[in-house]
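As a plain string of letters, each chain reads:
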Protein chains: 4
Amino acid sequence: MRETGCIHNNRPGVMSTQPRQRRHRDESQRHLVDATISAIYKHGFHEATAQRIAEEAGLSAGNIHYHFGSKEELFAAAMRQLMSDISDTLVYELGKADTPLARAHAIIHANLSEPLYTHRNCFVWLQFWSETARSEELARLERINAQRFHRNLLDALSKLLDRPDAEKIVQELVAMVDGLWIRKAQHNEAVTPEAARAIVFAYLERRLGPAAGQGS
Amino acid sequence: MRETGCIHNNRPGVMSTQPRQRRHRDESQRHLVDATISAIYKHGFHEATAQRIAEEAGLSAGNIHYHFGSKEELFAAAMRQLMSDISDTLVYELGKADTPLARAHAIIHANLSEPLYTHRNCFVWLQFWSETARSEELARLERINAQRFHRNLLDALSKLLDRPDAEKIVQELVAMVDGLWIRKAQHNEAVTPEAARAIVFAYLERRLGPAAGQGS
Amino acid sequence: MRETGCIHNNRPGVMSTQPRQRRHRDESQRHLVDATISAIYKHGFHEATAQRIAEEAGLSAGNIHYHFGSKEELFAAAMRQLMSDISDTLVYELGKADTPLARAHAIIHANLSEPLYTHRNCFVWLQFWSETARSEELARLERINAQRFHRNLLDALSKLLDRPDAEKIVQELVAMVDGLWIRKAQHNEAVTPEAARAIVFAYLERRLGPAAGQGS
Amino acid sequence: MRETGCIHNNRPGVMSTQPRQRRHRDESQRHLVDATISAIYKHGFHEATAQRIAEEAGLSAGNIHYHFGSKEELFAAAMRQLMSDISDTLVYELGKADTPLARAHAIIHANLSEPLYTHRNCFVWLQFWSETARSEELARLERINAQRFHRNLLDALSKLLDRPDAEKIVQELVAMVDGLWIRKAQHNEAVTPEAARAIVFAYLERRLGPAAGQGS
DNA sequence: AATGAATGAGAATTCATTCAT
DNA sequence: AATGAATGAATTCTCATTCAT
């Protein structure tokens, strides 16, 4: 069926001497992915048409299919980009944390501070959330992301509490953070990153207080 | 332009003496609204086409415009329907509660029990959430619903705590409930109504514990 | 996926009192089928775009998908139409023939006289021939048509000759008729119906001569 | 406009002293022509896209325009290639024939034996047949080929019969051979080269028998 | 009140072609 | 000589909407 020119972006690890065209290709692909996120933010998922995305990227619509094979693939690439951003931020924040509690704090902090906890990011993520019903690939990515968040928190908290308690707290925290992302997506001005963090941290302290107190 | 057909459903208070056609009309409209929710649940918001909705309702596509003027209006009617369901359930649950704490419990219980806390309901609601960006009317309805939830909880809790504390707890609760709705929408089997309520009630007790304990 | 309005033309046998809309539908469908054949004749198979076909039919392009679900289905319907024309002509000609030889003559005559043996018909048929490679459905129809032609001729000739001889003659006749259709499709003026029939009849007489002579 | 690259393949008579690049060029062109035929055989005329042809040739799509100026020109080159194959085979077979009858046999034999009478060849040729409607150049080539076949046969047979008879027989033979090519293209397994030749030779003998007998 | 044939704007996608490298 | 990124026109198809019946 489809046999377009370039589809896979099999970029090698380091290639300083890569030819000019290769650089062009990677740049265009990155532009398209960024433009996709912008277009979703500006217009919502379904108004983010190929035309608009391409325009936003300063390219013509044909490139979407040249580089990604289909619009669907481009959306998946955009979601992966967001996940990669989340991951980078998380790794950075975790790098500064050296105790289990600090790690739990870091994870929550990363998810409720800029650059992740912005209207743009929460809004676009909500759009993807609602599209996981249609796209198995998007659903798969969402699951990966959710599991990573869950596992990271659990790793940290299970050093402070016994497993069932930790599990329970994690569920509460995840629910709160998800809820705060939705709220940000919907009513940006209603909740600042500081307020969001204050809510969750206050909760966490109260929640850990007695339990953690016993642990110390 | 032309303004044939019925568009506003100005149903009169008294229903018994309405003519035959009026009954037909109301019935078709209800069918269409129900069919809209079903179609969104089956196919997602954007795959819920006029054709499919009409088919689900056992009518033809033309009726949507005859009865609602536009697909957009029908979606708004469907969202109002969901809100009305929520309201009915809430009123019923609140009717059984006679203390502030019981009222807070009732509100949360209503939002995290059947018939509201079902996959269908949470899923459809998530779809609407993501569409508020496109439609000012849907956004308005969402705001009304959010405010009602917030106000109800605040009314109850402000009888138990001072205002700033109550405000804070309400925000935490709202975030948790929203997060649990999303989770239900996304991974139905991952959270039962009982588990969801357990999470929030445990949190609420712990949160109120010292404060409420002092109050009692 | 697809769930367009009307797709099957389940017209009942006789329905004199059919509603106006039903008549409209059938008429539009017939127009579209005719327009398809015209467009193929005018522009060739692949230049017969939905746009052009609809224009030829005096309708808008959306109707193709409303009535037939896809362009591919419309093409199949057009091929069935051609086959039905062939069948009608054949039945009519066979109705006048009462001996096996007359039946054989009738079959060939039908295939090499107007209205079947026209530039338009041969040309369009050649277009379909070359498309059977792409479309399993068109291939199926072509097979049905080829088999019908083969069987009819064989039925007639096997009354005059023993089976192997009849089989052989039929193959020769089929090859000649197909070849004459191609020639007509390609160089209309190079061969008149009369000339085509003369070629095949002369061949048939010479071929049957001795064998049939023995039979008489 | 611009007229870069090589478009005409004005290959000189002497080849031995051509520079390296010239050899590269000729090789690429031959690859492309072969790839075109392969692609048509694999996918049909209209699915034989520039992309696919280039891929089949182990080159990139740009080369088609560099070497041939347009896809249309490449198709014409491919058709010329097929005609050249036919011509080569015919010349070879005619070289072994020394009587008029032998020459007639040789012509038919060449057209109904490998390597010409293969599924691939007949199929691709049918594809070109159906495209002559669109392309004046392809039509011109087809005419040349048809006339050559006709003339060759007529030259041979007019030595055995008077002109009108010869003319008639040639038309019958051409029709049969064309018909047998179509049959091969459509239902490869339905007719072997031997069977095809048997049909036409049996016909020719019977046809020439009395006439040739009278003539001798 | 309801139907369903028809429309037309806009969606994704395909593909020959161009051209800088 | 060859590449492959980019283009833009054309194509099929979708769908809310209109409107005669």
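Small disclaimer: the values here were computed from a predicted structure and weren't measured. (Residues numbered from 1 in each chain as written. Chains lettered and ligands numbered in written order. Predicted model: local features only at pLDDT ≥ 70, side-chain atom pairs only at ≥ 80, totals over all residues. Heavy atoms only, no water.)

## Structural notes on the interface of chain B and chain A
Part 1 of the reasoning: With 27 residues of chain B at the contact, the number on the chain A side is 28 residues.
Part 2 of the reasoning: Both faces considered, chain B and chain A share a buried interface measuring about 2800 Å² in area, 64% of it formed by carbon and sulfur atoms.
Part 3 of the reasoning: Contact with chain A buries surface across chain B, with Gln186(B), Ile199(B) and Arg206(B) losing the most and accounting together for 17% of the total.
Part 4 of the reasoning: Taken together, the links from chain B to chain A amount to 0 salt bridges.
Part 5 of the reasoning: Taken together, the links from chain B to chain A amount to 10 residue pairs in polar contact (both at pLDDT 80 or more).
Part 6 of the reasoning: Those elements that provide at least two residues to the side of chain B that touches chain A are α6 (119–131), α7 (136–157), α8 (163–186) and α9 (193–215) of chain B.
Part 7 of the reasoning: Counting residues per element, the side of chain B that touches chain A draws most heavily on α8(B), at 9 residues. (Contact = heavy atoms within 4.5 Å. Buried area = accessible area lost by both parts, 1.4 Å probe. Salt bridge = Lys/Arg side-chain N within 4 Å of Asp/Glu carboxyl O. Polar contact = N/O pair within 3.5 Å; in protein donor to acceptor, adjacent residues only side chain to side chain. Helix = DSSP H or I, 4+ residues; strand = E, 2+ residues; numbered from the N terminus.)

## Overview of unusual backbone geometry
Part 1 of the reasoning: Cis rather than trans, the peptide bond between Glu114(C) and Pro115(C) has omega equal to 5°.
Part 2 of the reasoning: Along the chain, Pro115(C) turns up in the loop between α5 (100–111) and α6 (119–131).

## Observations regarding the protein's contact with DNA strand E
Part 1 of the reasoning: For DNA strand E, the set of nearby residues contains 34 residues, the closest of which are Lys71(A), Tyr66(B), Ser28(C), Tyr66(C) and His67(C).
Part 2 of the reasoning: Looking at DNA strand E alone, sugar and phosphate atoms form 73% of those within 4 Å of the protein.
Part 3 of the reasoning: At a separation of 2.8 Å, a phosphate oxygen of DNA strand E approaches a polar side-chain atom of His65(A).
Part 4 of the reasoning: In this structure, a phosphate oxygen belonging to DNA strand E sits 2.8 Å away from a side-chain N or O atom of Ser28(B).
Part 5 of the reasoning: Secondary structure elements with two or more residues in the surface near DNA strand E: α1 (20–43) of chain A, α1 (20–43) and α3 (62–68) of chain B together with α1 (20–43) and α3 (62–68) of chain C. (Near = heavy atom within 4 Å.)

## Some words on α6(C)
Part 1 of the reasoning: Here α6(C) spans 18 Å end to end across 13 residues, near enough to the 18 Å set by a 1.5 Å rise per residue.
Part 2 of the reasoning: Among the 13 residues that make up α6(C), 11 are buried, leaving the element largely enclosed by the rest of the structure.
Part 3 of the reasoning: Of all the positions in α6(C), only Asn121(C), Cys122(C), Phe123(C), Val124(C), Trp125(C), Leu126(C), Gln127(C), Phe128(C), Trp129(C), Ser130(C) and Glu131(C) are classed as buried.
Part 4 of the reasoning: Contacts from the buried residues of α6(C) go to α1, α4 (71–95), α7 (136–157) and α8 (163–186) of chain C together with α6 (119–131) and α8 (163–186) of chain D. (Expected span 1.5 Å × (residues − 1). Buried < 20%, exposed > 50% of the residue type's maximum accessible area, 1.4 Å probe, protein only.)

## What about helix α2 (residues 50–57) of chain A?
Residue and element names in this part refer to chain A.
Part 1 of the reasoning: Residues of α2 that are buried include every one of Ala 50, Ile 53, Ala 54 and Ala 57, and no others. Projection of α2 onto a plane perpendicular to its axis shows the buried side chains occupying an angular sector of 95°, all on one side. Structural note: α2 exposes Gln 51 and Glu 55 on the side pointing more than 90 degrees away from its buried face.
Part 2 of the reasoning: Considering only its buried residues, α2 is in contact with α1, α3 (62–68) and α4 (71–95). (Arc of directions from axis to C-beta.)

## Thoughts on the packing of aromatic side chains
Aromatic ring pairs are reported here in terms of the distance separating the ring centres and the angle at which the planes meet.
Part 1 of the reasoning: Tallying each qualifying case throughout the model produces 14 aromatic pairs over all chains.
Part 2 of the reasoning: Relative to Phe128(B), the ring of Phe45(B) has its centre 5.8 Å away and its plane inclined at 80°; by these criteria the two rings are edge-to-face. Note that Phe45(B) is positioned in the loop between α1 and α2 (50–57) and Phe128(B) in helix α6, a separation of 83 residues in sequence. Both residues of the pair, Phe45(B) and Phe128(B), belong to the buried class.
Part 3 of the reasoning: Between the aromatic rings of Tyr41(C) and Phe123(C), the centroid separation amounts to 5.8 Å while the plane-to-plane angle is 70°, which identifies the pairing as edge-to-face. Taken together, the positions of Tyr41(C) in helix α1 and Phe123(C) in helix α6 put the pair 82 residues apart, joining distant regions of the chain.
Part 4 of the reasoning: Classification of Tyr41(C) by relative accessible area gives partly exposed; the value is 30%.
Part 5 of the reasoning: Residue Phe123(C) is classed as buried on the basis of its relative accessible area of 8%.
Part 6 of the reasoning: Taken together through their ring pairs, the aromatic side chains of Phe45(A), Phe75(A) and Phe128(A) make up a single cluster. (Phe/Tyr/Trp six-rings, centres within 6.5 Å; stacked < 30°, edge-to-face > 60°.)

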